[in-house]
Amino acid sequence: MRIIAATCLALSLFAAPAVAGDYTSGSLTIENPWTRAMPPGAKVGGGFMVITNSGDAADTLVALKTPRADRGEIHEMTMAEGVMKMRELEAGLEVPAGGSVELKPGSYHVMFMGVTDGFKEGETIEGTLVFQNAGEVPIAFTVGPVGGKMAPMKHD
Amino acid sequence: MRAIRWIAWILVVLVAGTTMAVLVSDDIRDAVLGKPGQGTGIADIGGPFQLVDHTGKPVTEKDFLGKPSAFFFGFTHCPDVCPTTLYEMSTWLDELGPDADKLNVAFVTVDPERDTPELMNNYLSAFGDRITGLSGTPEQVSQIVKEFKVYRRKVEQEDGEYVMDHTANVYLMDAGGKFAGTIAYGEADDIALGKLKRLVAGG
Ligand SMILES: [Cu+2]
């Protein structure tokens, strides 16, 4: 495990700037955005990350823009009584002042809708997060394996 | 006398069930209700169906008898639960090794409008070759959804697209087609694998 972590770290150090990592904009930090490789024919994908707000005013993630999908949305998934429900967050996702919000499998995520060129493991998906206050923050999603439940590569 | 005893037992089960529903968290309740062989009123799951597999071949419930089966309901326009469950299922099948041949595994679409057999075939190729995709006409899919007491709801979005709410449990059936339990979404790997091993062993 340690060797893998070290390799990841080494790779990330030498990687081009487009490779996913941590991003900052004002008081916001976006950690390790990632998504999954898509099975052939799949049209949608979920994107995950941790957004931390060190400022003293809340901000709201209102949109995802990406050239790789017809549309990006902000969603919440819930599981109750064994039933999966997914809803678009029309008002966006609040990042509290001095707090953070985790976008992760089974919970909040950004949605890539209408993907024609399915994501492949190891590639990088460019996108822009739009915040109410912080405005546009360009990021890049690392693509992990099909069906993966955790960020493909964690380097802090 | 016998009738009274039966009614008393039914009351006990109802009270226990209600108490459990109120007191116990979803996870624990699912784990308890999911155990095979416990009479909980949800055992009446499964029944006759006619569908089309991902190769275009018509199939019925009879094609899934003689071996135990695992059925999972979902749709390919699902970003999260469906691909992760299919992926986990493929890893469990890998761990079962040769015993995986003693099990039928099927991914049944709850979205036949979009999930044609061709699309299912393509999609499932990402998860090995042991998972059968099942689709059919909307009526045929409604039939199996009803037989398995699967919750499914189409939720329209403003842009004309839609998502499907759906039951995320894996349904385990014995070789005779009788309900034998569930694997809940997010259940620990070793527990899920244990359930599949027990199912394959016929216990
Ligand atoms: Cu799903």
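Because the structure is predicted, anything quoted here is derived from the model rather than measured.

Caption draft 1: Examining the overall build of chain A more closely. Of regular secondary structure, chain A possesses 1 helix and 11 strands. Reading the helices (α) and strands (β) of chain A from amino to carboxyl end gives α-β-β-β-β-β-β-β-β-β-β-β. Within the span of chain A, comprising 156 residues, buried residues form 48% of the whole. A separation of at least 24 residues holds for 68% of the contacts in chain A among residues at least 6 apart in sequence.

Caption draft 2: Region of the structure containing the coordination of the copper ion. Residues and elements named next belong to chain B. Taken together, Cys78 (SG), Cys82 (SG) and His166 (NE2) make up the full set of protein donors to the copper ion, lying 2.1 to 2.4 Å away. As a motif over one chain, the donors of the copper ion read C-x3-C-x83-H. Highlighted residues: Cys78 in the loop between strand S3 (69–74) and helix H3 (81–96) and His166 in strand S7 (residues 162–167), separated in sequence by 88 residues. Residue classification places His166 among the buried residues on the basis of a relative accessible area of 0%.

Caption draft 3: Molecular detail of the confidence of the model for chain A. Residue-level pLDDT values for chain A average 88, and 85% of them are 70 or greater. The model gives residues 7–19 of chain A a pLDDT under 50, and that stretch makes 8 contacts with residues more than four places away or in other chains.

Caption draft 4: Representation of the UniProt feature "binding site: Cu cation" (unreviewed entry) in chain B. Per the UniProt entry, the sites bearing "binding site: Cu cation" (unreviewed entry) are Cys78(B), Cys82(B) and His166(B) in this numbering. Spanning 89 residues, the named residues nonetheless gather at one spot, since no C-alpha pair among them exceeds 10.2 Å. As for the largest cavity, its lining draws on Cys78(B) from among the annotated residues. What Cys78(B) contacts, discounting residues up to four positions off in sequence, is Val44(A), Met84(A), Pro83(B), Tyr123(B) and His166(B). You can see Cys82(B) is positioned in helix H3. Taking relative accessible area as the criterion, Cys82(B) reaches 0% and is therefore assigned buried.

Caption draft 5: Region of interest: the pattern of salt bridges. Counted according to the given criterion, the structure contains 15 salt bridges over all chains. We note a salt bridge from Lys62(B) to Glu61(B), for which the minimum N-O separation is 3.5 Å. The class of Lys62(B) is exposed, set by a relative accessible area of 61%. Among the residues examined, Glu61(B) registers a relative accessible area of 19% and is labelled buried. Through salt bridges with shared partners, a single network forms among Arg87(A), Arg153(B) and Asp165(B).

Caption draft 6: Representation of the confidence of the model for chain B. Residues and elements named next belong to chain B. Averaged over all residues, the pLDDT of chain B is 86; the fraction at 70 or higher stands at 78%. In the model, residues 18–40 has pLDDT below 50 throughout and makes 21 contacts with residues more than four positions away in sequence or in other chains. Confidence metrics for the complex model read pTM 0.80 and ipTM 0.80.

Caption draft 7: Spotlight on the sheet that holds strand S2 (residues 58–60) of chain B. Residues and elements named next belong to chain B. Read across the open sheet, the 7 strands follow the order S2-S1-S5-S4-S3-S8-S9; overall the sheet is mixed. Two strands bound the open sheet, and with one partner strand each, they are S2 and strand S9 (179–183). Taken pair by pair, the neighbouring strands of this sheet meet at an average axis angle of 35°, ignoring direction. Note: strand S1 (residues 50–53) against strand S5 (residues 131–135), 2 bridges, orientation antiparallel. For Asp53, the partnering residue across the bridge sits in S5 and is Leu134.

Caption draft 8: Main features of the interface of chain B and chain A. In this complex, chain B contributes 36 residues to the contact, which on the side of chain A involves 33 residues. For the pair chain B and chain A, the two sides together bury roughly 2600 Å², of which 57% comes from carbon and sulfur. Its largest share of buried area at the contact with chain A, chain B owes to His77(B), Pro79(B) and Asp80(B), together 20% of the area lost on that side. Where chain B touches chain A, the interface holds 3 salt bridges. In this structure, the salt-bridge partner of Lys149(A) is Glu88(B), at a minimum N-O distance of 3.3 Å. Among the elements of the structure, helix H2 (26–33), H3, helix H4 (117–124), strand S6 (152–156) and S7 of chain B are those that each provide at least two residues to the side of chain B that touches chain A. Of the residues contributing to the side of chain B that touches chain A, the split by class is 16 nonpolar, 10 polar and 10 charged.

Here is what the cut-offs are and how they apply
- The written sequence of each chain sets the order in which its residues are numbered from 1.
- In the order they appear in the text, chains get letters beginning with A and ligands get numbers beginning with 1.
- This being a predicted model, a pLDDT of at least 70 is required before a residue's local features are given, and a value of 80 or more before pairs of side-chain atoms are given or counted; all residues contribute to the totals for chains, interfaces and linings.
- The side-chain quantities take in all heavy atoms of the structure and omit both hydrogens and water.
- Put simply, DSSP marks the helices as runs of H or I at least four residues long and the strands as runs of E at least two long, and each gets a number from the N terminus on.
- Throughout this description, buried means an accessible area under 20% of the type-specific maximum (1.4 Å probe, protein chains only), exposed means over 50%, and partly exposed covers the range between.
- Whether two residues are in contact is decided by their heavy atoms, any of which lying within 4.5 Å being enough.
- Sodium, potassium and calcium take a 3.2 Å donor cutoff, other metals 2.8 Å, and in both cases only N, O and S atoms count; water is not among them, so sites may look incomplete.
- Values of pLDDT, the confidence the predictor places in each residue, fall between 0 and 100.
- UniProt positions are given in the numbering used here, feature names are shortened, and annotations may be inferred rather than shown by experiment.
- Here a cavity denotes a set of grid points, spaced 1 Å apart and computed over the protein atoms alone, in which a 1.4 Å probe fits but from which it cannot get out, and a pocket denotes an open set meeting protein on both sides within 12 Å along at least five of seven lines; residues with an atom within 4 Å of a point are reported as lining.
- We count a salt bridge whenever a side-chain nitrogen from Lys or Arg sits within 4 Å of a carboxyl oxygen from Asp or Glu.
- Following DSSP output, two strands are said to pair if at least two bridges run between them.
- An axis is simply a line fitted to the C-alpha atoms; with a helix, the fit covers only the stretch in contact. Between two such axes, the angle follows the N-to-C directions and lies from 0 to 180 degrees.
- The term buried area refers to how much accessible surface (probe radius 1.4 Å) is lost by two components on association, counted for both of them together.
- Under the grouping applied here, Gly and all other residues not named as nonpolar or charged are polar, the nonpolar ones being Ala, Val, Leu, Ile, Met, Phe, Trp, Tyr, Cys and Pro and the charged ones Asp, Glu, Lys and Arg.

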